[in-house]
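Okay, here's what each chain looks like letter by letter:
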Amino acid sequence: MSLRFGGETLDGARTATGKPRGARRRAGEGKALKIQIVYPKWPKLAKQPEFRLPPHGPVVFAAALSDDVDVTLRDEHVEAIEYDSDADLIAVSATLTCQMPHAWEIADRYRARGKTVIFGGIGTMLHAAETMQHADAVFLGEAEGRIDALIEDFSKGRLRKVYDYSNDYPNMALVKTARRNILARELYNFRGVQMVDLLHASRGCRFNCFPCCTPYLGGRAFRPRPLDRVIEEIDSIDNNRLFIVDNSLAQDDEWLKTLFKEIAPLKKKWISHPIKDDDEILDLAARAGCWYMYQAIVDNSDRIRNRIRRVKERGIGVEGTVILGLDEHDEEYARRAVDFLLEVDLDLAEFTVLTPFPGTPIRERLEREGRILHNEWSHYTGGEVVFRPRQMSVEALRGMYEYAWDAFYASSSKEIRMAKLYLKVLDMEKRDGTYKKVRLAPKRSWG
Ligand code: B12
Ligand code: SF4
């Protein structure tokens, strides 16, 4: 399924002042083009522990721009949108479906002030047709080696409406170290604790799980970055704590082993998505500084129980992700699931309601079965019911979601569980001499 809109031009498109877009706002002779990246705020899950992660898409996108572009970032999670920005181009980066309606509002406001607005990122790819109504240009796909064409067109006043590189993936050697210097780093902390920095070592996924749009977006082939670049990037990050956001660390055993062996000497501590359930690989992950990992809890089987045990035995924490409302779930499922999670001594749990995001196999099926209730995207947060469950009412599924969060955190609150994980990383750092006293305090805050 590709969103092929390529080639359509912006014939006759005008700014609010009636002048053609692009040409009027190209950078003056000899002046660097100014781009402001905007990352719109998205609603967090109501019962989730608070966090303020720096956005990853924008800093990777910024690295794909040529060095002579003057780039700034406004992340609305930590700072107000700067509608009076003097940038030549506003580049909205959007990741999640629930981020889109607000991202469109922001773009409309900028465009009403005569600004040229382009869109990119995962959310843009999943909502390309709607986004086109709020953008001067939409960019679909990965930016490395491709974004220069858009910038050139903008500078020459011939911006096209769509730049479509979906399913046409760049050489991974083109992915540069993210431009983290555009982040207002002092704002990414919670109660004085610096948040992790995000990075990725690969793209694509060879699996095709029912609730996931990653294969639709990034393809079914595993695409690793050259390892020396990944190591160089990790080494360059001024933070001992990282989140390796690769879709899954279970794609290629040999690659994983080499990655972990090479990360180990850097003594970083990191979080990741699920790691291949293999003794040697888990040992190497632990030695490489794996602090805790996400694990999808799909059932209450011995397979999952043993997997969690094997991970925890190596000193790696586990945050379980549990999707509620599958066809096989009855009204009692949450009760059984929480009992199981407490019994296997999970460190943290994140409950979401099954959500038929665009580009996922589950959306196709629920659409075919006429079970999708609405497409009000701001409610596609993962915390709301937007489809008709098979074995219970919408109300019952809502209750199940509330119950799961409350029951799991009843005996030991989110704060206490987070604090325990934090102590764990302090411990790891003290053992290998990498512990640094926190030096950050919130200076500005927004929202
Ligand atoms: C990291 C991540 C998160 C982080 C986000 C942190 C952050 N601050 O960035 C966290 C952990 C918070 C998160 C949460 C959730 N996530 Co998430 N997450 C991801 C993940 C794994 C990686 C995203 C990423 O950084 N990719 C790497 C960057 C470099 O790629 P990129 O953003 O596409 O950027 C490139 C291009 O798009 C382009 N680009 C980017 N911006 C721009 C801008 C312009 C103007 C241009 C031209 C180009 C451009 O340039 C970049 C380089 O090529 C993706 C899966 C994936 N592989 O993408 C899921 C994913 C985005 N998440 C998903 C989901 C479902 C969730 C949750 C709802 C539920 C959950 N438990 O997973 C929650 C949110 C719950 C809530 N409402 O509170 C879904 C999206 C669903 C949707 N349609 O909304 C994804 C796709 C995974 C999936 N299962 O399908 N997530
Ligand atoms: S859930 Fe993970 S393993 Fe499954 S398709 Fe998505 S990224 Fe791949």
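### Digging into the overall build of the chain
A count of helices and strands for the chain gives 14 helices and 16 strands. Over its C-alpha trace the chain gives a radius of gyration of 22 Å, about what one expects of a compact globule, namely 22 Å for 447 residues. Its C-alpha atoms put the chain at 65 × 55 × 40 Å along the principal axes. By sequence separation, contacts in the chain at least 24 residues apart represent 75% of the contacts at least 6 residues apart.

### A closer look at the sheet that holds strand β13 (residues 269–272)
Read across the open sheet, the six strands follow the order β9-β12-β13-β14-β15-β16; overall the sheet is parallel. The sheet is open, and its two edges are formed by β9 (197–199) and β16 (348–353), each paired on a single side. Neighbour-to-neighbour, the strand axes of the sheet open up by a mean angle of 20 degrees, direction not taken into account. Alignment of strand β15 (residues 317–324) against β16, held across six bridges, turns out to be parallel. For Thr321, the partnering residue across the bridge sits in β16 and is Glu350.

### Topic: the sheet that holds strand β1 (residues 34–39)
Across the sheet, which stays open at both edges, the six strands sit in the order β2-β1-β3-β4-β5-β6 with parallel pairing between neighbours. Two strands bound the open sheet, and with one partner strand each, they are β2 (70–75) and β6 (162–164). The sheet shows a mean angle of 20 degrees between the axes of neighbouring strands, direction not considered. Bridge count between strand β3 (residues 89–93) and strand β4 (residues 116–120): five bridges; the pairing is parallel. Bridge assignment links Val92 to a residue of β4, and that residue is Phe119. Along the sheet, helix α1 (residues 57–64) contacts β1, β2, β3 and β4; its crossing angle with β1, the most-contacted strand, is approximately 160 degrees.

### What to know about the domain arrangement of the chain
Taken domain by domain, the chain comprises domain 1 (33–172) and domain 2 (191–432). The straight-line distance from the C-alpha centre of domain 1 to that of domain 2 is 26 Å. Counting residues at the interface gives 23 residues for domain 1 and 25 residues for domain 2. Contributing elements (two or more residues each) for the side of domain 1 that touches domain 2: α2 (100–112) and α3 (122–126). A class-by-class count of the residues in the side of domain 1 that touches domain 2 yields 15 nonpolar, six polar and two charged.

### Notes on the site of ligand 1
Ligand 1 sits among 45 residues. The nearest are Gly57, Ser93, Gly120, Gly121 and Phe139. Elements supplying a minimum of two residues to the shell around ligand 1: α1, β3, β4, α3, α6 (214–218) and β16. With five residues, α1 is the largest single contributor of residues to the shell around ligand 1. Of the residues belonging to the shell around ligand 1, the class tally is 25 nonpolar, 16 polar and four charged.

### Topic: the environment of Ile263
On the secondary structure map, Ile263 appears in helix α8 (residues 253–263). Considered as a pair, Ile263 and Ser155 are 108 residues apart in the sequence and their alpha carbons are 41 Å apart. Apart from the residues within four sequence positions on either side, Ile263 is in contact with Ile234, Lys268, Ala288 and Gly289.

### Some points on the pairing of β15
Only one face of β15 is buried: it carries Val318, Gly320, Val322 and Leu324, and the other face, with Gly317, Glu319, Thr321 and Ile323, is open. Looking at chain direction, strand β14 (residues 290–296) and β15 are connected through five bridges and run parallel. Counterpart to Tyr292 in the pairing with β15 is Gly317. Handedness of the crossover joining β14 and β15 through helix α10 (residues 302–313) is recorded here as right-handed. You can see the chain leave β15, run along helix α11 (residues 333–343) and come back into β16, and the turn it takes is right-handed.

### Here we look at α8
Among the residues of α8, those classed as buried are Leu256, Leu259, Phe260 and Ile263. Buried positions in α8, seen along its axis, are confined to an arc of 90 degrees and lie on one side of it. In the core, the buried residues of α8 are packed alongside α7 (227–236) and α9 (279–287).

Cut-offs used in this document
- Starting afresh in each chain, residues are numbered from 1 along the sequence in its written order.
- Chain letters start at A and ligand numbers start at 1, both assigned in the order the entries are written.
- Note on the predicted model: pLDDT of at least 70 is required for a residue's local features to be given, and 80 or more for side-chain atom pairs to be given and counted; whole-chain, interface and lining totals, by contrast, use all residues.
- Elements are defined by DSSP. Helices are runs of H or I of four residues or more, strands are runs of E of two residues or more, and each kind is numbered from the N terminus.
- With C-alpha atoms as the basis for the radius of gyration, the globule rule is written as 2.2 Å multiplied by the number of residues raised to the power 0.38.
- What counts as a contact here is a pair of residues whose C-beta atoms, placed from the backbone, lie within 7 Å.
- When DSSP finds at least two bridges between two strands, those strands are taken to pair.
- Here an angle of 0 to 180 degrees is reported between the N-to-C directions of two axes, which are lines fitted to C-alpha atoms, with helices fitted over the stretch in contact.
- Note that domain bounds follow an automatic or database assignment of domains.
- Under the convention adopted here, Pro, Cys and the residues Ala, Val, Leu, Ile, Met, Phe, Trp and Tyr are nonpolar, Asp, Glu, Lys and Arg are charged, and Gly plus all remaining residues are polar.
- Being near a molecule or strand means, for a residue, that its C-beta atom, positioned from the backbone, comes within 6 Å of it.
- Partly exposed residues are those whose C-beta has more than 12 but fewer than 20 other C-beta atoms within 10 Å; 20 or more makes a residue buried and 12 or fewer makes it exposed, with C-beta atoms placed from the backbone.
- Crossover handedness is defined here as right-handed if the route from the first strand over the helix to the second strand goes clockwise, with the strands pointing away from the viewer.
- Regarding the arc, it is the one traced by the directions from the helix axis to the C-beta atoms.

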